[in-house]
Amino acid sequence: GCALHDPLAVAVAIDPTLVGALGCNLRVDLLGEYRGRTICDERRLSDPDKSTLVALTVDAPRFLSEFKTRMARVRGFFDCYDWCDHSNQLKGPVPN
């Protein structure tokens with residue numbers, strides 16, 4: 001298999017129930033061992049307001065099923081039209 005980070009992020013924006021998430025406050029480590037990484041801000045662990053949700057679990061079977069269904073729909077849509085020649089140049093206007 002392969003990682004599908006971007007499609008998962010879009011799917012979670014549409015359906016947040018695809019992941020189990022933990023609320024936390026994040027910061028970017030500028031000087032320490034994890035320089036450049038986004039890490040939990042240990043100074044704000046007790047803050048009641050959390051600025052970020054960090055996904056810890058994914059309902060992978062449900063995500064993959066939905067992803068494959070949507071990609072099949074998109075492929076079917078594009079297969080209906082012969083918009084491009086073999087050089088991938090559009091032959092004419094794309095239908096709405």
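Description of the structure in this document. (Residues numbered from 1 in each chain as written. Predicted model: local features only at pLDDT ≥ 70, side-chain atom pairs only at ≥ 80, totals over all residues. Heavy atoms only, no water.)

1. Regarding the environment of Leu56
In this fold, Leu56 is placed in strand 4 (residues 52-58). Taking C-alpha positions, Leu56 is 5.7 Å from Gly20, a pair spaced 36 residues apart along the chain. Setting aside anything within four residues of it in sequence, one finds Leu56 in contact with Gly20, Ala21 and Leu22. (Helix = DSSP H or I, 4+ residues; strand = E, 2+ residues; numbered from the N terminus. Contact = heavy atoms within 4.5 Å.)

2. A few points about a nonpolar patch on the surface
Side chains of Val28, Leu30 and Leu31 sit close together on the surface and give an oily, nonpolar patch of about 360 Å² of accessible area. With respect to the helices and strands, Val28 occurs in strand 2 (residues 26-28). (Patch = residues over 30% accessible without salt bridge, like charges linked within 9 Å, V, L, I, M, F, W, Y side chains within 5 Å. Areas by Shrake-Rupley, 256 points an atom, 1.4 Å probe, with all protein chains shown as cover. Salt bridge = Lys/Arg side-chain N within 4 Å of Asp/Glu carboxyl O.)

3. Some remarks on the pattern of salt bridges
For the coordinates displayed, the defined rule picks out 7 salt bridges. For Asp47, the salt bridge identified is with Arg44, shortest N-O distance 2.9 Å. According to the relative accessible area criterion, Asp47 is partly exposed, its value standing at 28%. Classification of Arg44 by relative accessible area gives partly exposed; the value is 32%. One continuous salt-bridge network, built from bridges that share partners, spans Arg27, Asp41, Glu42 and Arg43. (Buried < 20%, exposed > 50% of the residue type's maximum accessible area, 1.4 Å probe, protein only.)

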